[in-house]
Amino acid sequence: MASDKIHDIESESLLPSSTTQSPKHAPQSPAARILLWTSCSLNILFFVLSIFVFVHWTGNNQAIQSSYETGFKSDLDPVKSEVRVIQTTYTGGVEVDEDGHFFTTHSANQYVGKPSPDIDIAWSKLLRGLNIDLDPTSSNLQGRTFAWPESGFAFTGLEVYHSLHCLNRLRQALYPDYYDMFSNPNDPDREDHIGHCINHLRLAIQCHADLTPMEWKLSGNKVVLNTATQHTCRDFEKIDAWAVERRTRFEDIESVKNGSLIVVD
Ligand SMILES: *[C@@H]1O[C@H](CO)[C@@H](O)[C@H](O)[C@H]1NC(C)=O
């Protein structure tokens, strides 16, 4: 206000009285001043409100805007930097030979077939990253999971491994003579545990809803599905390397070693 007054005085004193009639320099009436101030204030208020609304709106849309490539709000925070999207051609399809006989191309697949120590090793390598320990302050896990009494580290893991673990349980259930965890067919828990896994995998498959089209080809009079198609995937190897590096070292946890704590999954 003070500078406005000085300015007014200066313009008046600098201008000859004959030119003060110019509307540009006419002293404003109190009503015009109020109008000018009101419109300026409203403009500023509107601008600030727009910024607020924009920031709030983008914040609320975080769950929608985040993606398969950058991680969702529900994903574990520290692993998001490891997400990389790649294209993979699936292996192990069913094919039909010239005589119309089916054969599978899983000769190179180390995860299926008659149980053997090699198959068990392959699965245990795949599941090395099942359980991980994290510094609870460096993740979005604080207060959400169990913390080891010895280290204070948060005991967690990535859902992809739980699904793989379930799949392995189903595979083992096919061979009750080889894998004794399911050897008693009359065990009432047996069906429950297997049922839990089937349901869990159903949910996981529906959740990820792979939209790759099925490709069929005619072979004689058979219309055969070609499963060796290209899919867009999160690079599991990169995620696996991260998880394995942080795996829970049960062998170093005293309360697990002495049996005072038992992990149930
Ligand atoms: C097992 O180890 C934990 C942690 O060191 C300890 O608190 C607990 O008393 C131990 N329990 C037994 C039965 O030795």
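Reading the values: rules and limits
Residues numbered from 1 in each chain as written. Predicted model: local features only at pLDDT ≥ 70, side-chain atom pairs only at ≥ 80, totals over all residues. Helix = DSSP H or I, 4+ residues; strand = E, 2+ residues; numbered from the N terminus. Buried ≥ 20, exposed ≤ 12 C-beta atoms within 10 Å, placed from the backbone. Contact = placed C-beta atoms within 7 Å. Near = placed C-beta within 6 Å. Nonpolar A, V, L, I, M, F, W, Y, C, P; charged D, E, K, R; others polar. Pairing = 2+ DSSP bridges. pLDDT = per-residue confidence, 0-100.

Draft legend 1. Looking closely at the overall build of the protein. Counting its regular elements, the protein contains eight helices and eight strands. The 265 residues of the protein split such that 5% are buried. Counting only contacts in the protein whose residues sit at least 6 apart along the sequence, the fraction spanning at least 24 positions is 51%.

Draft legend 2. Representation of the site of the ligand within the structure. Contacts to the ligand come from Glu-254, Ser-255, Asn-258 and Ser-260. Partitioned by chemical class, the residues of the shell around the ligand number no nonpolar, three polar and one charged.

Draft legend 3. Looking closely at the environment of Phe-155. Inspection of the secondary structure puts Phe-155 in strand β5 (residues 154-156). Between the alpha carbons of Phe-155 and Thr-248 there is a distance of 7.6 Å; along the sequence they are 93 residues apart. Contact partners of Phe-155, with chain neighbours within four places excluded, come to Asn-131, Asp-133, Thr-145, Phe-146, Ala-147, Trp-148 and Thr-248.

Draft legend 4. How the structure looks around unusual backbone geometry. Its identity as a non-glycine residue notwithstanding, Ala-209 has a phi of 30 degrees, on the positive side. Along the polypeptide, Ala-209 turns up in the loop between α6 (188-208) and β6 (215-219).

Draft legend 5. Spatial organisation of the environment of Arg-234. Within the secondary structure, Arg-234 sits in strand β8 (residues 230-234). Along the sequence, Arg-234 and Thr-88 sit 146 residues apart, while their C-alpha atoms lie 9.5 Å from each other. Apart from the residues within four sequence positions on either side, Arg-234 is in contact with Val-83, Val-85 and Ile-239.

Draft legend 6. Representation of the pairing of β6 in the model. Little of β6 sits inside the fold, with zero of its five residues counted as buried. Summarising the sheet, β6 and strand β7 (residues 222-226) pair through five bridges and their orientation is antiparallel. Its bridge partner lying in β7, Lys-217 is registered against Val-224. Hairpin connection, β6 to β7: the antiparallel pair is bridged by two residues, and Gly-220 has positive phi, about 65 degrees.

Draft legend 7. Seen up close, the confidence of the model for the protein. Looking at the protein, pLDDT values average 82 and 80% of them are 70 or higher. Looking across the protein, the model is least confident in helix α1 (residues 2-14), with a mean pLDDT of 43, and most confident in helix α7 (residues 236-245), with 98. Throughout residues 1-22 the model reports pLDDT below 50, and contacts reaching past four residues in sequence, or to other chains, amount to six contacts.

Draft legend 8. Up close: the environment of Gln-87. Along the chain, Gln-87 falls in strand β1 (residues 85-89). By the C-beta count within 10 Å, which is 8 here, Gln-87 ends up exposed. Along the sequence, Gln-87 and His-231 sit 144 residues apart, while their C-alpha atoms lie 5.5 Å from each other. Apart from the residues lying within four places of it in its own chain, the contact partners of Gln-87 are Gln-230 and Thr-232.

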